[in-house]
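Residues per chain are reported as follows:
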Amino acid sequence: MRLLGLTGGIGSGKSTVSADLAARGAVIIDADAIVKELQQPGQPVFASMVERWGQTIVAPDGTLDRAAVAAIVFSDADELAAIEAIVHPAVQVETARRIAAAADQPGSIVVLDVPLMAETAKKERESGRAPSGSRHKPQAVIVVDCPTELAVDRLVEFRGFDRDDAEARVSRQATREERRELADFVVDNSGDRATLDAELERLWAWVSELSEPTTD
Ligand code: ADP
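Described in the following lines is the structure provided in the data block. (Residues numbered from 1 in each chain as written. Predicted model: local features only at pLDDT ≥ 70, side-chain atom pairs only at ≥ 80, totals over all residues. Heavy atoms only, no water.)

**Describing the nonpolar core**
Next, step 1: Core analysis: the biggest nonpolar cluster contains 24 residues, and Met49, Trp53, Ile57, Val69, Ile83 and Val87 have the highest contact counts within it.
Next, step 2: Here this core takes 7 residues from helix H5 (residues 77-103), the largest share from any one element.
Next, step 3: Formed by 18 residues, the second largest nonpolar core is a distinct cluster that contains Leu4, Ile109, Ile142 and Leu203. (Core = buried A, V, L, I, M, F, W, Y, C linked by side-chain atoms within 4.5 Å. Buried < 20%, exposed > 50% of the residue type's maximum accessible area, 1.4 Å probe, protein only. Helix = DSSP H or I, 4+ residues; strand = E, 2+ residues; numbered from the N terminus.)

Take a look at the structure:
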């Protein structure tokens, strides 16, 4: 098994790259999707969150009210730490389960899609905390990169974002430089679709050449 990380700012084209890797046979483990699954009613993570914050975070249809959660944790570091303490360990367990399932397939290429990889690395640096031991460390990291103005334009044009909202989201994230510092391979998505297709060929050639780490 080869285990890779994939990250990129919002609007960079990360989902497009991830879909291409999946089409070429990679197993994608999507951190955001796992969080959403674990926060479904009936899941222990959902129960722990309701235990802590009560019915204010439950929408009328019984599902998690994400906007209410965001409002609570957005501006309060303690609340944010509390939600992370509930969600992160469960995400690690589920990620480990999916990696183990993929590891059974010889020659598999597993891609951990982690939107906030650079933000997490920065937090860990600033707090002096070592990266958590349970974290699954990819052997190489792929970063999808494009100018932030272009990411905003794409979010507005193709994904229906309001321009101010898109700009605010992009500016709250890690910078391009912070993300690129993590990269073993940069997918340059500053061009048109044909240019991206050429980048994706280059990426897959690189991925295919990676050797499987030896286990000891
Ligand atoms: P992310 O997952 O990083 O937020 P997406 O992959 O969803 O970004 O890309 C944002 C939007 O831009 C999508 O609608 C996607 O189809 C489009 N897009 C991505 N790359 C290009 C490109 N090189 N040229 C034109 N449109 C693109």
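**Description of the site of the ligand**
Next, step 1: Around the ligand sit 16 residues, and of these Gly11, Ser15, Thr16, Arg159 and Asn189 come closest.
Next, step 2: Backbone polar atom of Lys14 to an oxygen atom of the ligand: 2.8 Å apart, as the coordinates give it.
Next, step 3: Interatomic distance of 2.4 Å between a side-chain N/O atom of Ser15 and an oxygen atom of the ligand.
Next, step 4: Contributions of two or more residues to the shell around the ligand are made by helix H1 (14-23), helix H7 (148-159) and helix H10 (193-209). (Near = heavy atom within 4 Å. Polar contact = N/O pair within 3.5 Å; in protein donor to acceptor, adjacent residues only side chain to side chain.)

**Structural notes on the side chain of Glu178**
Next, step 1: Relative to the helices and strands, Glu178 resides in helix H9 (residues 176-180).
Next, step 2: Within the structure, Glu178 has its side chain in polar contact with the side chain of Lys122 (distance 3.3 Å).

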